[in-house]
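# Observations on chain architecture
Here are the chains, one letter per residue:
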Amino acid sequence: MDERRKKRLIWQLPFLTLLIVGTVLIIRQQQSVPYQHCEGTVFGTVYSITYEYDSDLQPEIVERLDEVDDALSMFNGQSIISLINTNQDVAPNKMFLDVFNLAQQISKDTDGAFDITVAPLVNAWGFGFNHGQVPDAKEVDSLRAFVGYQKVSYNGLRIVKQDPRTMLDCSAIAKGYGVDIVARLLADKGIENYMVEIGGEVETRGISPKRVPWKIGVTKPSDDAPADGNELQTVLNVTNKAMATSGNYRNFYYKDGRKYAHTIDPKTGAPVQHSILSATVLADSCARADAYATAFMVLGLEESMKVLKRNPDLMAYFIYDKNGKNEVWYSPSLKAQIQQ
């Protein structure tokens, strides 16, 4: 080795040493920060949150979830949405308006397939406060008279209903919005690794405690699936994304030999009868993923693909029935996230 190369190597050694030491210190620091976990109930369902941080943030998480509950929960008689539904004079706050405006936007984009006024029809078919009853055509038509997202608006001060009987129900978007709110809290704390899950709707960032990308299962649709949903259709790598799933395979009933599933088409006023069994949507916002998953269950496969085409930020994984067998269609951009 000539003198010039020896001098160059000697000159580079300190930098290489610093690089190695620095890398080791960074890895040790990352490994020394513990993952916290908290769980509880909200919106009539359960939540589970895992995040890498040096202290417990559950009190702040609960505070934020309580704020969402106070704005959007149908289980809270004093929430803003409950007061609007009983025609009280109440000014909606920012949280309520964020969800209301997003819901109206998605309703327009899906030609009313997603509709937060559909609750009376859901209830009439036995999937709300009543159970297992089948309404006649006259009752459905009477309810459709005051169901429709165009029948509600915001005038800058209050939510205005064309008919006082119109009810708002944000259950198909509120869980996703709650996930977004908690994720935003964690991100504002500088947390880079977390998973927030509320009632099956999920948002992740960074890596899991195992130092690998977060993996989320998609349940295999089956009328007799195990209650814990352990039978999986596939597993997705979900990193820096939100994910929501809607399906007809859990909430249904049979009457007079016919199956009635809980997804109601706001236009017809009846349960949908097309082939999609479950719709999983990935998006940058869990509220969007939540709402579009519901909309896709109403639209069916072909119409859902049209919506996906004009919303390139969305990715979808559909499981549908074809001649009595489960088939799968997914967005081409989702292929890299699917675990083989």
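Residues numbered from 1 in each chain as written. Predicted model: local features only at pLDDT ≥ 70, side-chain atom pairs only at ≥ 80, totals over all residues. Heavy atoms only, no water.

### Details of the environment of Met74
Positionally, Met74 belongs in the loop between helix 2 (58-72) and helix 3 (80-85). Relative accessible area serves as the criterion here: at 25%, Met74 is assigned to the partly exposed category. Separated by 97 residues in sequence, Met74 and Ser171 place their C-alpha atoms 7.9 Å apart. The residues contacting Met74, other than those within four sequence positions of it, are Ile81, Ser82, Asn85, Met167, Leu168 and Asp169. (Helix = DSSP H or I, 4+ residues; strand = E, 2+ residues; numbered from the N terminus. Buried < 20%, exposed > 50% of the residue type's maximum accessible area, 1.4 Å probe, protein only. Contact = heavy atoms within 4.5 Å.)

### Quick word on the sheet that holds strand 2 (residues 45-52)
Sheet strands line up and pair through hydrogen bonds in the backbone, either parallel or antiparallel. Taking strand neighbours across the sheet as the criterion, the 8 strands line up as 1-2-5-6-9-12-13-14 in an open arrangement whose pairing is antiparallel. Edge positions in the open sheet fall to strand 1 (35-42) and strand 14 (325-330), since each of these has one partner strand only. On average, adjacent strands in this sheet sit at an angle of 10° to one another, irrespective of strand direction. As paired elements, strand 6 (residues 201-205) and strand 9 (residues 242-247) share 2 bridges and run antiparallel to each other. Paired with Glu203 across the two strands is Ala242, which belongs to strand 9. (Pairing = 2+ DSSP bridges. Axes fitted to C-alpha atoms, helices over the stretch in contact; angles between N-to-C directions.)

### Description of the nonpolar core
Looking at soluble globular proteins, one finds that nonpolar side chains tend to be buried together. If you look at the biggest cluster of nonpolar residues, it comprises 69 residues, and the most contacted ones within it are Phe96 and Phe296. Looking at which element gives the most residues to this core, the answer is helix 8 (residues 286-299), with 10 residues. The residues touching Phe296, leaving out its near neighbours within four places in the chain, are His274, Ile276, Ala279, Val281, Ser304, Val307, Leu308, Leu314, Ala316 and Phe318. Tyr35, Met315, Leu334 and Ile338 belong to the second-largest nonpolar core, a separate cluster that totals 15 residues. (Core = buried A, V, L, I, M, F, W, Y, C linked by side-chain atoms within 4.5 Å.)

### What about the pattern of salt bridges?
As enumerated under the stated definition, the model contains 15 salt bridges in all. One salt bridge connects Glu52 with Arg211, and the closest N-O pair in it is separated by 2.8 Å. Taken together, the residues Glu52 in strand 2 and Arg211 in the loop between strand 6 and strand 7 (215-219) connect sequence positions 159 residues apart. The class of Arg211 is partly exposed, set by a relative accessible area of 30%. Between Lys267 and Asp111 there is a salt bridge; the shortest N-O distance is 2.5 Å. (Salt bridge = Lys/Arg side-chain N within 4 Å of Asp/Glu carboxyl O.)

### Observations regarding helix 2
Residue pairs three or four apart in sequence face the same way in an α-helix, which turns once every 3.6 residues. In this model, helix 2 (15 residues) spans 21 Å end to end at C-alpha, consistent with the 21 Å of a helix rising 1.5 Å per residue. Residues of helix 2 that are buried: Ile61, Leu65, Val68, Asp69, Ala71 and Leu72. In an axial view of helix 2, the angular spread of the buried residues amounts to 165°, which keeps them on one side of the axis. Looking at the buried positions of helix 2, the neighbouring elements they touch are strand 1, strand 2, helix 3, helix 4 (94-109), helix 7 (171-188) and strand 5 (194-198). (Expected span 1.5 Å × (residues − 1). Arc of directions from axis to C-beta.)

### Focus: unusual backbone geometry
The phi torsion at Phe43 lies on the positive side, around 55°, for a residue other than glycine. Here Phe43 is to be found in the loop between strand 1 and strand 2. The buried category is assigned to Phe43, whose relative accessible area is 12%. In this structure, Asn240 takes a positive phi of about 60° despite not being glycine. Within the fold, Asn240 resides in the loop between strand 8 (232-237) and strand 9.

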